[in-house]
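Close look at the chain arrangement
Okay, here's what each chain looks like letter by letter:
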Amino acid sequence: MPTDNPPVITRFAPSPTGFLHIGGARTALFNWLFARANDGKMLLRIEDTDRERSTDEAVDAILDGLSWLGLDWDGEPVSQFSRAARHREVAEKMVADGKAYYCFATPEELTEMREKARAEGRPPRYDGRWRDRDPSEAPAGARGVIRLKAPVEGETVVDDKVQGEVRFPNKDLDDLVLLRSDGSPTYMLAVVVDDHDMGATHIIRGDDHLTNAARQTLIYQALGWQVPIMAHIPLIHGPDGAKLSKRHGALGAEAYRALGYLPEALRNYLVRLGWAHGDDEIISTEEMIEWFGFDGMNKAAARFDFAKLEALNGHYIRHADDAYLADSIARILPEIDVDTPLGNNLEPAERDVLVAAMPGLKERAKTLVELIDSAAYLFIKRPLPFEEKARRILDEGGSDVLRKLTPALAALEQWSAESTEQAVRDFAEANDLKLGKVAQPLRAALTGRTISPGVFDVLAVLGKEECIARLQDVI
Ligand code: GLU
């Protein structure tokens, strides 16, 4: 459909001071979805102007987290720090155009202003003392900062797609610093110049940036640039309503990977934190792209709920392709701390076994880590270690049952879930035993546990030789 609107360009602009945390991942997802939903682009800007706190490891962790989540970006990531010369050029042009001015207030003067304001019960504001002074009055040798000549009257309106019209009295937005005396840009200036130069049409970010949006609007207006469309999404809170903390799940994306979550489950979980499509809970990525927009976004803070994420993850595991699950396990084995006979590498032969056993395994697991744990019986070396309950079942008559059953199984020529099931049923009937009285010790002997996939699947997957050997071990 032909349209006059410019193509949608969103951006994700993380500060590389730590991993990609869950709030950042949600912001990235929303920007990605909005771009994909509108045939647009999502750009990536690394806000690395804080040289002391920004690290290359954090940049890598963020890119890695985004890639794992399946959120790709268009073009090369932009480094904000590398654009400092451009930021400075814009600030100087604003001075030349009378939209900004040099301020030479000393740190002592600024402290005094703050203290005076505090004493009078006002918010601390710069009093505009250099606003209308002639630069020739500048103290000799001083470099000064560049401040925005912001309007003192009226109000600034942020027409937000989520928050609605939010009004800020201009008297509360003072003449903010654009360029520091060392020539480096402030965050506020850098964001505006970068968003403009990158052609961002839509800014979707956490609502902790709402006041910044008002300040940035003033900078856009001073520059005569069009203000992008803004959407400030509610922050994520913990289940108790308090600000999200580590205790609540404010972990990095790589931590979710290592906990055994699938990226599609996390996407589904995250999209529901601040956006809804009716009452839908299970939403595929294709559906998200089809349905995503400002309409479904809500204003109320979203609550993070680990149990819900787990349940969703279990759903995605149950419906996932077996080979995909095996490969997902292979991917996380080196980075997780789980005691498994697989070690931290999945050999090709092990992968084959895992894929074959997957239909039985995936029914129960809520995470890949649980899946790995429940697959232990496949790879464990004889003689098996037994869980206490399993040991008891065998000691309290189970081994005797198995002693009688084993010849019947050993006599089978064709070994499958069906043939072994038939043999076990026949045996139970002939000996007047309930099926469970045979199946329970069988499970214990073959897996060392009392919970496992269906016991006939276990028999089939392990193969005749291994099963008979495990049975011999206990009888
Ligand atoms: N770098 C900012 C942050 O990580 C984002 C700023 C923005 O999206 O405008 O919170």
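As shown above, the structure is provided for reference.
To start, this report covers the structure provided alongside it. Along each chain, residue indices are assigned from 1 in the same order as the chain's sequence is written. Given that the model is predicted, a residue must reach a pLDDT of at least 70 before its local features are reported, and side-chain atom pairs must reach 80 or more before they are shown or counted; all residues, however, enter totals for whole chains, interfaces and linings. Only hydrogens and water are set aside; all other atoms, that is, all heavy atoms of the structure, feed into the side-chain values.

A closer look at the pairing of strand S5 (residues 145-148)
So the rule is basically this: A simple rule labels every residue: compare its accessible area, found with a 1.4 Å probe on the protein chains alone, to the largest value its type can have, and call it buried under 20%, exposed over 50%, or partly exposed in between. Each helix is a run of H or I in the DSSP string that is no shorter than four residues. Each strand is a run of E no shorter than two, and both are numbered from the N terminus. DSSP-based pairing: two strands are paired if at least 2 bridges between them are found.
The two faces of S5 match: Val145 and Arg147 on one face and Ile146 and Leu148 on the other face are all buried. Direction of pairing for strand S4 (residues 100-103) relative to S5: antiparallel, over a ladder of four bridges. Among the inter-strand pairings, Tyr102 is bridged to a residue of S5, identified as Ile146. Strand direction decides the pairing type here: S5 and strand S8 (residues 177-179), joined by two bridges, are antiparallel. Among the inter-strand pairings, Ile146 is bridged to a residue of S8, identified as Leu179.

Focus on the site of the ligand
Filter applied, for reference: Throughout, near means a residue has at least one heavy atom within 4 Å of the molecule or strand. Two N or O atoms count as a polar contact when they lie within 3.5 Å, although within protein this holds only if one can serve as hydrogen donor and the other as acceptor, and sequence-adjacent residues are included solely when both atoms are side-chain atoms. Note on areas: Shrake-Rupley with a 1.4 Å probe; residue coverage comes only from the protein chains shown.
Around the ligand, the surrounding shell consists of Arg11, Ala13, Ser15, Glu47, Tyr187, Arg205 and His209. Separating a nitrogen atom of the ligand from a backbone N or O atom of Ala13 is a distance of 2.7 Å. Ser15 places a polar side-chain atom, nitrogen or oxygen, 2.9 Å from a nitrogen atom of the ligand. Compared with its free state, where it exposes 300 Å², the ligand has 80% of that area covered by protein.

Here we look at the packing of helix H3 (residues 84-96) against helix H5 (residues 187-198)
Keep this limit in mind: Lines are fitted to the C-alpha atoms to define the axes, a helix being fitted only along its stretch in contact, and any angle between axes, read from their N-to-C directions, falls within 0 to 180 degrees. With respect to orientation, any angle under 35 degrees is reported as roughly parallel, any angle over 145 as roughly antiparallel, any angle of 65 to 115 as roughly perpendicular, and every other angle as oblique. Contacts were defined at the residue level, with two residues in contact if any of their heavy atoms lie within 4.5 Å. Residue type decides the class: Asp, Glu, Lys and Arg count as charged, Ala, Val, Leu, Ile, Met, Phe, Trp, Tyr, Cys and Pro as nonpolar, and the leftover types, Gly among them, as polar.
In the contact formed by H3 and H5, the axes pass within 10 Å of each other and the chain directions differ by 100°. When the axis of H3 is compared with that of H5, the two are roughly perpendicular. Counted together, Arg86, His87, Val90 and Ala91 of H3 and Leu189, Ala190, Val193, Asp194 and Asp197 of H5 form the full contact between these two elements. Of the residues that constitute the contact of H3 with H5, the class distribution is five nonpolar, one polar and three charged.

Examining helix H1 (residues 22-37)
Keep this limit in mind: In this analysis, the expected span of each helix is defined as 1.5 Å times one less than the number of residues it contains.
Across its 16 residues, H1 extends 22 Å between first and last C-alpha, which sits within 8% of the 22 Å expected from 1.5 Å per residue. The buried count for H1 comes to 15 of 16 residues, which makes it a mostly enclosed element. Immediately downstream of H1, the backbone of Asp39 shows phi near 55°, a positive value.

Side note on the sheet that holds S5
Read across the open sheet, the three strands follow the order S4-S5-S8; overall the sheet is antiparallel. Bordering the open sheet on either side are S4 and S8, each of which pairs with just one other strand. For this sheet, the mean angle separating the axes of adjacent strands, direction not counted, is 45°. H3 rests against S4, S5 and S8 of the sheet, and its axis sits at about 100° to S4.

Structural notes on the environment of Arg122
Looking at the secondary structure, you find Arg122 in the loop between helix H4 (107-119) and S5. The sequence separation of Arg122 and Leu110 amounts to twelve residues, and the corresponding C-alpha distance is 15 Å. Beyond its immediate chain neighbours, meaning those up to four positions away, Arg122 contacts Lys116 and Ala117. Looking at Arg122, its side chain comes within polar contact range of the side chain of Glu120, at 2.9 Å.

A word on the nonpolar core
Keep this limit in mind: Nonpolar cores were defined as sets of buried Ala, Val, Leu, Ile, Met, Phe, Trp, Tyr and Cys residues, with membership established by side-chain atoms within 4.5 Å.
Of all hydrophobic cores here, the largest spans 99 residues; its most connected members are Leu354, Leu409 and Leu442. Looking at this core element by element, the count peaks at nine residues for H1. Counting residues in hydrophobic clusters, the runner-up holds 29 residues, among them Met94, Leu173, Leu218 and Ile219.

Observations concerning the sheet that holds strand S3 (residues 78-79)
Pairing in this open sheet of three strands is parallel, and the strands run S1-S2-S3 from one edge to the other. If you trace the sheet from one side to the other, it starts and ends with strand S1 (9-12) and S3, each paired once. Sheet analysis places S1 next to strand S2 (residues 41-46), joined by four bridges and oriented parallel. Paired with Phe12 across the strands is Leu44, a residue of S2. Sheet strands in contact with H5 are S1, S2 and S3, and its direction is about 145° off that of S2.

Things to note about unusual backbone geometry
Looking along the chain, the bond that leaves Arg382 and enters Pro383 is cis, with omega of -10°. Checked against the element boundaries, Pro383 lands in the loop between helix H14 (376-379) and helix H15 (388-410). Despite not being glycine, Asp39 has its phi angle at roughly 55°, a positive value. Within the secondary structure, Asp39 is located in the loop between H1 and S2. The phi dihedral of Asp432 falls on the positive side, at around 55°, and the residue is not glycine.

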